[in-house]
Amino acid sequence: MWSRWKLLNLSRRFVNYKPWRWRSNAACDRALEYKVGDKIHGFTVSQVTPIPDLFLVAVKLGHDSTGAKYLHVAREDANNLFSVQFRTTPMDSTGVPHILEHTVLCGSQKYPCRDPFFKMLNRSLATFMNAFTASDYTLYPFSTQNSKDFQNLLSVYLDAVFFPCLRELDFWQEGWRLEHENPSDPQTSLIFKGVVFNEMKGVFTDNERIFSQSLQNQLLPDHTYSVVSGGNPLDIPDLSWEQLKQFHATHYHPSNARFFTYGNLPLEQHLRQIHEEALNKFQKIEPNTAVPAQKLWERPREYHVMCGPDKFATDPTKQTTIGVSFLLPDITDIFESFTLNLLSSLLIDGPNSPFYKALIESGLGTDFSPDVGYNGCTREAFFSVGLQGIADKHVETVKQIITKTIDDVIEKGFEDDRVEALLQKIEIQMKHQSTSFGLALSSYIASCWNHEGDPIELLNLGNQVTHFRKCLKENPNFLQEKVKQYFKNNQHRLTLSMNPDEKYYEKQVQMETEKLKQKVDSLSMTEKLHIYEKGLELQDLQSKPQDATCLPALKVSDIEPTISHTELDTALAAGEIPVQYCAQPTNGVVYFRAFSNLNTLPEELRPYVPLFCSVLTKMGCGIYDYREQAQQIELKTGGMSASPHVIPDDSDLDMYEQGVLFSSLCLDRNLSDMMHLWSEIFNNPHFEDEEYFKVLVKMSAQELSNGIPNSGHLYASVRASRTLSPAGDLLETFNGMDQVRLMKRVAEMSDIKPILRKLPRIKKHLLNCDNMRCSVNAAPQQISQAGKEVENFIKSLGRSKKERKSVRPHVIEKPVDGNLLNGPQMTRKLITDPTFKPCQMKTHFILPFPVNYVGEGVRTVPYTHPDYARLKILAHLMTAKFLHTEIREKGGAYGGGAKLSSNGIFTFYSYRDPNSIQTLQSFEKAVNWAKSGKFTETDIEEAKLSVFSVVDAPVAPSDKGMDRFLHGLSHEMKQAHREQLFGVNHEQLISVSNKYLRIGQSTRGLAILGPENMNIDKDPSWVIR
Ligand SMILES: [Zn+2]
């Protein structure tokens, strides 16, 4: 995987924390006993700092003989995390750090089997395993709740990064190679293959990535940031195996490494294992990987870049992107970075920010340019602002607006309320708890630590907030002066523009062809023969049964046989609306949700529900216009949103619930204000401001269109299941390509009034308490207060005067818990369609990408059916033991596999795939493989482990009880499902393969998103869109 990590953006996703107040804090107490100078297993403690705001103790150490750096964060959290990070600073775009990241995971001295990393996915209960290549470091993190598992994974990770095999064939498979199109036929032409090669071709189908990449390359042009660390597809074939090994030797050394551990497991154990299994085999070196400071420019620069055409652009004549970026100070200056990050939020976040008002509301473009705001993933940070979806002729206007906005801010400053709202937001984001706190911390500190910044100081957010308040108090012009210094008077400024070129992909293909010709022409006969033989060797290796017994593994018997119980209460508000209460250690935050069904909504309004949801909390309500409403939401809450849902029934595939989920969170002290806001939004939402509505529509449409390259496999899967169940069609309407196309059409309309007029009509059917249920997750002592607030909210809601009839005649009321003994009943109203007949459908969406996304859906059984658990294990088994090899290793796709969705559709998919028809054949082969039963008891055991690592993934206090609230799943149903999973055996797996997946046995749907395809064109059974 390749990513450009952002410093956790204060305004979007912030670190979260969780003090389990009623439990002991043994992890922190233990860590506090360390003293500076303590020697432990080759390491020396250099700092011990408690950070009470985040309920953690940070311990910094150094490894004596290699200089390896180490940070341990002790915290009473069982989801322990490890990561190791190397500073990788390439000086060319061959993608060497990225290919290395892939290749070290292909086998190591102690674990020489092929692909131990992927194999561990099935031998562990890891809650997270991955690897990332950023611009200047490579990070290998994992997390798990099981201590034996932690040791196992640590051993595999250490061996992988420090003692990888780096075999030539691994390099060929993961990096790039020349190979015959059909490896067994030397008459077929030679082409480029390789996982990273194809991955990067896929990455650059995303125009936002092209923009971000050139932005970084051009703004920081003097050293490692001028190249593509992930690899430029045309440069990748210049990398040799020798160069790869050399890069490993100099960069993956303890002297260039930073280790991070997090959680409640004891530190000594980690240190001992890391010292004994890796570090004591090395001597200190001077890695010379530091990135020098960027030399500052004397005058601003401009640059232009081309990209592919956007098939879903709302207006084809408006496809230009422009951004102005300013270089900021070194990210190791922690307080300055904190200030500039905050300042950036004030400048661009939400409808009250100056750049939103000046740029977004100008109507010149569809949305901000990519990477807008503060970027702290490079040694010097930068701030970027601009627009996408503008007409070429407006480039100058946009530049002028940016300059003028900066001048205005310097003159007028910011409203106190906005600064306060932002600081409030930091507080709530610190208190809100996620289940991946360790991972969030690891990525939060990675960039700063990478350049020798102090990670502990970075974690001490409370200090930074206090310091910031002090600066503001002492100097009311504090922020304005920063704007003047870093924006107005900054000569290191880049104006980057980007245009689509109709022939962009054609030219890319042409350049690749030339590169290929060059490579092939230079080959001697012997070399050609060698390539053919290597191709056969690789194919042979990939087809061989694999022995993974050298790897450590958990056993199914290590899995908890029963699930832990979540205490839930139900009460009626205003005498009739069921409210589910879940008391949790939420750390001073209340989570309120409501679900309202769409059963009375006329058919023709249904496609507009997603749009309704996306604008509902943004257009103003009651006495607040949209700006004031945004301000209130920022000041009083951690967010309020609405989203459409299609929820499958647990026992009947032809039944489902349709509705909208309203979600929100706030600090305990603000609950009454937040519920007042909900009440105003439900009773008096504003749907009048046509201009602002247009702005929001354009942003939504642009966002959907930009999301396709990253989520193409999801769109293909949704489309493939469209005709397989009654819910499938609605899912496509809400979340599929149909929605993308609808939004494009709406955004193109010159008169948007007819759409705007639909919103109050949807409101009538949705925003009342006729068909509602609510849920509250809060600290135990807050529940009764929360109950009163919810009661007031419900009482404020209208009821429809006349009894509304459901549009669909077949509505079935179903109690959530079949036989609840105490408390009132919570019921769900499900839709059923007894006349529904599933049918086959094949759709090809032609997109101008060089890669495909393939989806195939097969209708099977619902959640409570005993075969459901069997199919679920089968999907994991097929992915790990067959499809991964076929689609990724042999086919060269970035990913592919099978999964069973909660709606009972068994889905095969591939992601960024150079093939399409061949992949469909692989799906078929996978079924034959499953039917043949050529898998072992160990394979089944492994599939069970990988299923349980998902089933038992930690659930945040804010999300406890949601299975029951949304899906109606009771504790008993989940336990029964768990037992069915444990019980799955060999014979059953063969049987369900035959029963459901055999061609001709069940109805299936197919969908491909990708370039034009001759074979599909010729086949009349495909619908081309
Ligand atoms: Zn990758």
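**Describing the overall build of the protein**
When helices and strands are tallied, the protein shows 35 helices and 31 strands. Taken over C-alpha atoms, the radius of gyration comes to 28 Å for the protein, in line with the 31 Å a tight globule of 1025 residues would show. Along the three orthogonal principal directions, the C-alpha set of the protein runs to about 85 × 75 × 65 Å. Per-residue burial for the protein yields a buried fraction of 62% across its 1025 residues. Residue pairs in contact within the protein that sit at least 24 positions apart in sequence constitute 81% of those at least 6 positions apart.

**A word on the pairing of strand S17 (residues 493-500)**
Across the eight residues of S17, six count as buried, placing the element largely inside the fold. Here seven bridges tie strand S12 (residues 301-307) to S17, and the two strands are oriented parallel to one another. In the sheet register, Glu-302 faces S17, and the bridge partner there is Thr-495. Judged from the six bridges that link them, strand S13 (residues 320-330) and S17 form a sheet pairing that is antiparallel.

**Focus: the side chain of Ser-910**
Looking at the element boundaries, Ser-910 is found in strand S29 (residues 905-913). A residue is classified by how much of its surface remains accessible, and Ser-910, at 0% relative accessible area, is buried. Within the local environment of Ser-910, its side chain forms a polar contact with the side chain of Asp-913, the two groups lying 2.8 Å apart. Discounting chain neighbours no more than four positions away, the residues touching Ser-910 are His-713, Tyr-853, Val-854, Ile-887, Gly-895, Gly-896, Thr-919 and Phe-923.

**Focus: helix H23 (residues 690-720)**
Compared with an ideal rise of 1.5 Å per residue, which puts 31 residues at 45 Å, H23 spans 36 Å between its outermost C-alpha atoms and falls more than 12% short. The sharpest bend along H23 comes to roughly 90°, located at Ser-711. Within H23, 22 of the 31 residues are buried, which leaves it mostly tucked inside the rest of the structure. Capping the start of H23 is the job of one residue whose side-chain oxygen sits 3.3 Å from the backbone nitrogen of Glu-691: Asp-689.

**Section: the sheet that holds strand S27 (residues 852-859)**
A sheet is described by the order of its strands in space; here six strands give the open sequence S28-S29-S27-S30-S26-S31, paired in mixed fashion. The sheet terminates laterally at strand S28 (895-900) and strand S31 (1023-1024), the two strands that pair on one side only. Two strands pair when backbone bridges link them, and S27 and S29 are joined in this way by seven bridges, in the antiparallel orientation. Residue pairing for S29: Val-858 is matched across the bridge by Phe-906.

**Re helix H13 (residues 416-431)**
Compared with an ideal rise of 1.5 Å per residue, which puts 16 residues at 22 Å, H13 spans 23 Å between its outermost C-alpha atoms and is within 8% of the ideal. Looking only at H13, the buried set comprises Arg-418, Val-419, Ala-421, Leu-422, Leu-423, Gln-424, Lys-425, Ile-426, Ile-428, Gln-429 and Met-430. Those residues of H13 that are buried are in contact with helix H10 (334-348), helix H11 (354-358), helix H16 (461-474), helix H17 (478-488), helix H21 (626-636) and strand S22 (655-667).

**Concerning the environment of Ala-1007**
Tracing the backbone shows Ala-1007 in strand S30 (residues 1004-1010). Sequence separation of Ala-1007 and Gly-855 is 152 residues, and the distance between their C-alpha atoms is 5.2 Å. In this view, Ala-1007 contacts Ala-716, Arg-719, Ala-720, Thr-843, Tyr-853, Val-854 and Gly-855; residues no more than four positions away in its chain are not counted.

**A look at the confidence of the model for the protein**
For the protein, the average pLDDT comes to 91, and 96% of its residues sit at 70 or higher. The model gives residues 2-23 a pLDDT under 50, and that stretch makes 103 contacts with residues more than four places away or in other chains.

**Regarding the nonpolar core**
Within the largest apolar cluster, 138 residues are counted, with the highest numbers of intra-cluster contacts made by Phe-355, Phe-592, Phe-662, Trp-678 and Phe-693. Per-element accounting of this core gives the leading share, nine residues, to H10. In contact with Phe-662, other than residues within four places in its own chain, are Phe-592, Arg-593, Ala-594, Ser-596, Leu-616, Ser-641, Ala-642, Trp-678, Phe-682, Leu-766 and Leu-767. Membership of the second largest hydrophobic core comes to 106 residues, among which are Val-57, Ala-74, Leu-154 and Ile-708.

**Quick look at the pattern of salt bridges**
Following the criterion strictly, the structure yields 58 salt bridges and no others. When the shortest N-O distance is used, the salt bridge between Asp-540 and Lys-544 registers 3.9 Å. Taking the relative accessible area as the measure of exposure, Asp-540 reaches 44% and is therefore partly exposed. The salt bridge partner of Arg-1004 is Glu-856, with a shortest N-O separation of 2.7 Å. One end of the pair, Arg-1004, is in strand S30; the other, Glu-856, is in strand S27, and 148 residues separate them in sequence. With a relative accessible area of 8%, Arg-1004 lands in the buried category.

**Let's talk about the packing of helix H30 (residues 917-932) against helix H34 (residues 986-997)**
Packing of H30 against H34 brings their axes to within 7 Å, and their N-to-C directions diverge by 140°. When the axis of H30 is compared with that of H34, the two are oblique. Between H30 and H34 lies a crossing whose hand is left-handed. For the pair H30 and H34, contact is made by Val-927, Ala-930 and Lys-931 and by Ile-990, Ser-993, Asn-994 and Leu-997, respectively. When the residues that make up the contact of H30 with H34 are grouped by side-chain class, the tally is four nonpolar, two polar and one charged.

**Re a negative patch on the surface**
A cluster of acidic residues, Asp-625, Glu-628, Glu-688, Asp-689 and Glu-691, forms a negative patch at the surface. The class for Asp-689 is partly exposed, based on a relative accessible area of 33%.

**Brief notes about the environment of Gln-702**
Structurally, Gln-702 can be placed in helix H23. Sequence-wise, Gln-702 and Gly-798 are 96 residues apart; in three dimensions their C-alpha atoms are separated by 35 Å. The residues touching Gln-702, leaving out its near neighbours within four places in the chain, are Asp-310, Thr-366, Asp-367 and Gln-388.

**Observations regarding the packing of helix H20 (residues 609-616) against H23**
Relative orientation of the contacting elements H20 and H23 amounts to 115°, with a least axis distance of 11 Å. For the element pair H20 and H23, the recorded crossing hand is right-handed. Along its contact with H20, which presents Leu-611, Ser-614 and Val-615, the element H23 presents Phe-693, Leu-696, Val-697 and Ser-700. Of the residues assigned to the contact of H20 with H23, the class counts are five nonpolar, two polar and no charged.

**Structural notes on the packing of aromatic side chains**
Counting across every chain of the model gives 44 aromatic pairs. Taking the centre distance of 5.1 Å and the plane angle of 80° together, the rings of Phe-326 and Phe-487 count as edge-to-face. Of this pair, Phe-326 sits in strand S13 while Phe-487 sits in helix H17; the two residues are 161 residues apart in sequence, bridging distant segments of the chain. Assigned by exposure class, Phe-326 and Phe-487 land together as buried. The cationic tip of Arg-75 hangs over the ring face of Phe-437; the distance from NZ or CZ to the ring centre is 3.9 Å. A cation sits over an aromatic face here: Arg-773 above Phe-965, 5.4 Å from the ring centre.

**Structural notes on unusual backbone geometry**
At His-41, a position not held by glycine, the phi torsion is positive, near 45°. By the secondary structure assignment, His-41 is in the loop between strand S1 (39-40) and strand S2 (43-51). Not every positive phi belongs to a glycine, and Arg-912 is a case in point at roughly 45°.

**Concerning the side chain of Asn-217**
Turning to its location among the elements, Asn-217 is positioned in helix H7 (residues 207-219). Under the relative-accessibility criterion, Asn-217 is labelled buried at 12%. Side-chain polar atoms of Asn-217 contact the backbone oxygen of Tyr-225, separated by 2.9 Å. Once residues lying within four places of it in the same chain are set aside, the contact partners of Asn-217 are Tyr-225, Ser-226, Val-227 and Val-228.

Calculation criteria
Residues numbered from 1 in each chain as written. Predicted model: local features only at pLDDT ≥ 70, side-chain atom pairs only at ≥ 80, totals over all residues. Heavy atoms only, no water. Helix = DSSP H or I, 4+ residues; strand = E, 2+ residues; numbered from the N terminus. Rg over C-alpha atoms; globule rule 2.2 N^0.38 Å. Buried < 20%, exposed > 50% of the residue type's maximum accessible area, 1.4 Å probe, protein only. Contact = heavy atoms within 4.5 Å. Pairing = 2+ DSSP bridges. Polar contact = N/O pair within 3.5 Å; in protein donor to acceptor, adjacent residues only side chain to side chain. Expected span 1.5 Å × (residues − 1). Bend = angle between axes of the 7 residues up to and from the residue. pLDDT = per-residue confidence, 0-100. Core = buried A, V, L, I, M, F, W, Y, C linked by side-chain atoms within 4.5 Å. Salt bridge = Lys/Arg side-chain N within 4 Å of Asp/Glu carboxyl O. Axes fitted to C-alpha atoms, helices over the stretch in contact; angles between N-to-C directions. Parallel < 35°, antiparallel > 145°, perpendicular 65-115°, else oblique. Left-handed = near helix turned anticlockwise from the far one by under 90°. Nonpolar A, V, L, I, M, F, W, Y, C, P; charged D, E, K, R; others polar. Patch = residues over 30% accessible without salt bridge, like charges linked within 9 Å, V, L, I, M, F, W, Y side chains within 5 Å. Areas by Shrake-Rupley, 256 points an atom, 1.4 Å probe, with all protein chains shown as cover. Lys, Arg positive; Asp, Glu negative; His and termini not counted. Charge placed at Lys NZ, Arg CZ, Asp CG, Glu CD. Phe/Tyr/Trp six-rings, centres within 6.5 Å; stacked < 30°, edge-to-face > 60°. Lys NZ or Arg CZ within 6 Å of the ring centre and 35° of its normal.

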